[in-house]
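For reference, the chains in residue letters:
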Amino acid sequence: MTNPGTFDPAAFASGTELISRFIQGAQAVGLLQAALECGLLGAAGAPATPDTLASRIGVSARMVHEACIALHALEIFEKQGDYYQIRPGVQALLHQAAPQTLANMLAHGETNMGLLRRALHPNPSPLPEERLAVARGVWGLGSSPVAIESFLTVDREMPEIRELWLRGARHMELGCGAGRDLLRVAAPYPATFVVGVDIDPLVLAEVERQARDLGIQDRVAVRLADAREIEDLAAFDTILWSQMFFPPASRAATIDAIRRALKPGGYLITPLLRDRPASDEALRSAGGRQTSLGAVIYASWGLDRLTESEVREELEAAGFSCIRTVPHSRTPFMLLRHEASRVFG
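For clarity, every value in this text was computed on a predicted model and none was experimentally measured. (Residues numbered from 1 in each chain as written. Predicted model: local features only at pLDDT ≥ 70, side-chain atom pairs only at ≥ 80, totals over all residues. Heavy atoms only, no water.)

## Describing a negative patch on the surface
Test applied: A patch consists of residues exposed above 30% relative accessible area that lack any salt bridge, with like charges linked at up to 9 Å and nonpolar side chains (Val, Leu, Ile, Met, Phe, Trp, Tyr) linked at up to 5 Å. For the accessible areas, the method is Shrake-Rupley and the probe is 1.4 Å, while residue cover comes only from the protein chains on display. By salt bridge we mean one thing: a side-chain nitrogen of Lys or Arg within 4 Å of a carboxyl oxygen of Asp or Glu. His is not counted, nor are the chain ends; Lys and Arg add positive charge and Asp and Glu add negative charge. Where a charge lies is defined by one atom per residue type, namely NZ (Lys), CZ (Arg), CG (Asp) and CD (Glu). Numbered from the N terminus, helices here are DSSP runs of H or I no shorter than four residues, and strands are runs of E no shorter than two. Relative accessibility thresholds used throughout: buried, under 20% of the residue-type maximum; exposed, over 50%; partly exposed, between the two (1.4 Å probe, protein chains only).
A surface patch of negative charge is lined by Asp275, Asp304, Glu308, Glu310 and Glu313. With respect to the helices, strands and loops of the structure, Glu310 is situated in helix α15 (residues 308-317). Taking relative accessible area as the criterion, Glu310 reaches 38% and is therefore assigned partly exposed.

## A short note on the pairing of strand β7 (residues 262-271)
The line we're drawing: Strand pairing requires that DSSP identify at least two bridges connecting the strands. Crossover handedness is defined here as right-handed if the route from the first strand over the helix to the second strand goes clockwise, with the strands pointing away from the viewer.
Most of β7 sits out of view: eight of its ten residues are buried. In this sheet, β7 lies alongside strand β6 (residues 236-241) in parallel orientation, the contact comprising four bridges. Residue pairing across strands places Thr238 opposite Tyr267, the latter belonging to β7. After leaving β6, the chain enters helix α12 (residues 248-261) and then returns to the sheet as β7, a path that is right-handed. Bridge count between β7 and strand β9 (residues 333-338): five bridges; the pairing is antiparallel. From the neighbouring strand, Ile269 faces β9, where its bridge partner is Leu335.

## Here we look at the packing of aromatic side chains
The geometry of an aromatic ring pair comes down to the distance between the two centres and the angle between the two planes. Note the following rule: Between rings of Phe, Tyr and Trp, where Trp is taken as its six-membered ring, a pair exists when centres lie within 6.5 Å; planes separated by under 30 degrees are stacked, by over 60 edge-to-face, and by other angles tilted. In this analysis the charged atom, NZ for Lys or CZ for Arg, is taken to sit over a ring once it is within 6 Å of the ring centre and within 35 degrees of the ring normal.
Enumeration according to the criterion identifies eight aromatic pairs in this entry. Ring geometry for Phe7 versus Phe12: centroids 5.7 Å apart, planes at 55°, classification tilted. Of the two residues, Phe7 and Phe12, neither departs from the other in class, the shared state being exposed. Consider the rings of Trp241 and Phe246, whose centres lie 5.6 Å apart with planes at 70°: the pair is edge-to-face. Residue Phe246 is classed as buried on the basis of its relative accessible area, which comes to 11%. Geometry around Phe333 places Arg184 over its ring, the cationic atom sitting 5.5 Å from the centre. Arg305 extends its terminal NZ or CZ atom over the ring of Tyr298, reaching a point 5.7 Å from the ring centre.

## Some points on the side chain of Thr111
Note the following rule: As used in this structure description, the phrase polar contact means that two N or O atoms lie within 3.5 Å; if the pair is within protein, one of them must be able to donate a hydrogen and the other to accept it, and residues adjacent in sequence are counted only when both atoms belong to side chains. In what follows, residue pairs with any heavy atoms lying within 4.5 Å of each other are defined as contacts.
Structurally, the position occupied by Thr111 is in helix α6 (residues 102-117). At 2.8 Å, the side chain of Thr111 forms a polar contact with the backbone oxygen of Ala107. Not counting residues up to four positions away in its chain, the partners in contact with Thr111 are Glu130, Ala133 and Val134.

## Considerations on the nonpolar core
Put simply, the test is: Residues grouped as a nonpolar core are buried Ala, Val, Leu, Ile, Met, Phe, Trp, Tyr and Cys residues, joined through side-chain atoms within 4.5 Å.
Counting 29 residues, the largest nonpolar core has Ile161, Trp165, Val220 and Ile269 as its most contacted members. At the level of secondary structure, the elements contributing two or more residues to this core comprise α8 (145-156), α9 (159-167), α10 (180-186), α11 (201-214), β7 and β9. The biggest single contributor to this core is α8, with five residues. Setting aside chain neighbours within four positions, we find Ile269 in contact with Ile161, Trp165, Ile239, Leu240, Trp241, Phe333, Met334 and Leu335. Counting residues in hydrophobic clusters, the runner-up holds 26 residues, among them Met172, Val195, Val311 and Leu336.

Rendered as structure tokens:
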């Protein structure tokens, strides 16, 4: 171990290199956000010189020239001769059918940086606009055919649910956020009516906006309410509980509300967080690092990052029977059933 009283130039250089990579990444996000907001990314869909791009977006040629070089260095742009063009992989993020918008992704990342900056402060609670940015940044837009199809693959592994939604059902989500899972049910199942419950008026307004854009607002209702206070009795065929956003003190009462609101023999669906990697090697992978950073944010909100087995144990103790867990590239889902004889137990 290095003597704390001795300065080690080699260790300093190594630490500087590591931290500089982090800073460079944050700076790259800043430039990418600027290029998106001023229209440079959209203007570079076809090969063009910096002068041409500058005239298209109304920014000085010198600034666009420097930005193009930097975006090329960051592998956002490709270059051939004097012509620059956005890389196909990045351009796909701008497509109207993309499962998430680049603007939402960048806002989500910027918000998370702010949340992490305050995570070890005495009062790190998120601000209303931060909660909205996080909710909007969840992967899977209701308007994206790609996202809808990815979730339909989950539904096909849950034929009990799919049959209900195709035939026509009442579905509720507790903790619906900006509506990813709510709208992904409403959009492809026109016979089903959905209700989203959340305590944040900003995210509920986002749900309503998206429902209007999709033309399905007559089958989507939102409620500004605490999930523990839902008083519906045997009113819903299916309920989705976004359990990862519920703090420990609220979970038991929320589960009781779910049991009351489900029809006899109704189904509960809950998304799951992926377990933290067990090995140091996996922890230091891109996915492992993202999971670890996310865990810090969850902890700062007073949330427990429960494993799949812990969620199952909690719900089985409340009288639910676990039918199966269905994988998804982004979010695994657990399907459970409450026996009719125990709905009001």
